[in-house]
Amino acid sequence: PEDAVGGQRCGNSPASSQLGSSMCSYRASPTSEALARDKERERARLHQLLKDFAKEAVSGLLVVVICAKTGARSPQFFQMDRNLTLFSLQPKDSSAAGTALGVQAVSIKDLTRIYKGADVAVTVPWLGGLASSCVALDTQRADRRLLFAFEDPGEQDRFYTCLKILRMSVDIGRA
């Protein structure tokens, strides 16, 4: 039989007779090669996720924004610049221009915290059960917290993950 380590045969080699049969029953943990493959697959998955998100965000994504002061929900277009460094929110319905949340443009570098789910529930307790489907963005301005509600948990995770990656890329660029 082949050994799990290095593909050598067990039982007939001098090493196996010296080490006993316990060597033959050893199961190798994932090798660094397998871990590297997994890491590369995850990197490629995140790259594609971000690429797809960026394409949609530059064109404009329809999101539901919750006003942090009143709790009112408003469908808005979330749109990013081509460099993925700024985003803006604009009302879906142009007749609602007067009800805009006052957000002109927000720089990704001005985001101080990006969080979702349970962290939103702790920080914004008045949201109640809705918090589990939200992503929140805190900015350098103490009075500006943006809350986004998602019906689809997959979309919530995608929005959260991509904004986290974009925010981390700003930090890496500064280093």
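How each quantity is defined
Residues numbered from 1 in each chain as written. Predicted model: local features only at pLDDT ≥ 70, side-chain atom pairs only at ≥ 80, totals over all residues. Heavy atoms only, no water. Pairing = 2+ DSSP bridges. Helix = DSSP H or I, 4+ residues; strand = E, 2+ residues; numbered from the N terminus. Contact = heavy atoms within 4.5 Å. Axes fitted to C-alpha atoms, helices over the stretch in contact; angles between N-to-C directions. Core = buried A, V, L, I, M, F, W, Y, C linked by side-chain atoms within 4.5 Å. Buried < 20%, exposed > 50% of the residue type's maximum accessible area, 1.4 Å probe, protein only. Parallel < 35°, antiparallel > 145°, perpendicular 65-115°, else oblique. Nonpolar A, V, L, I, M, F, W, Y, C, P; charged D, E, K, R; others polar.

**Student:** Tell me about the sheet that holds strand E7 (residues 145–149), and please be specific about residues and values.
**Tutor:** Here seven strands make up an open sheet; going across it, the order is E4-E3-E2-E1-E7-E6-E5 and the pairing antiparallel. Of all the strands in the sheet, the pair left with one neighbour each is strand E4 (106–107) and strand E5 (111–116). Across the sheet, helix H2 (residues 32–59) is in contact with strand E1 (61–66) and strand E2 (73–80); its angle to E2 comes to roughly 110°. Most of the contacts of helix H4 (residues 153–174) go to E5, to which it runs at about 155°, and overall it touches E1, E2, E5, strand E6 (134–139) and E7.

**Student:** Which residues make up the nonpolar core, and what are the values?
**Tutor:** Within the largest apolar cluster, 28 residues are counted, with the highest numbers of intra-cluster contacts made by Phe53, Phe78, Met80, Phe87, Leu137, Phe148 and Phe159. Of all the secondary-structure elements, those providing two or more residues to this core are H2, E1, E2, strand E3 (86–91), E5, E6, E7 and H4. The element best represented in this core is H2, accounting for six residues. Apart from residues lying up to four places away in sequence, Phe159 is in contact with Phe53, Val63, Phe78, Val135, Phe148 and Phe150.

**Student:** Lay out the packing of H2 against H4 with the relevant residues and their values.
**Tutor:** Two elements in contact, H2 and H4, have axes separated by 10 Å at closest approach and are oriented at 95°. Relative to H4, the element H2 lies roughly perpendicular. Where H2 approaches H4, its residues Leu46, Leu49, Leu50, Asp52, Phe53 and Glu56 are matched on the opposing element by Arg158, Phe159, Thr161, Cys162, Ile165 and Leu166. Here the contact of H2 with H4 is composed, by residue class, of eight nonpolar, one polar and three charged.

In short, the description is geometric, and any link to function would need to be established separately.
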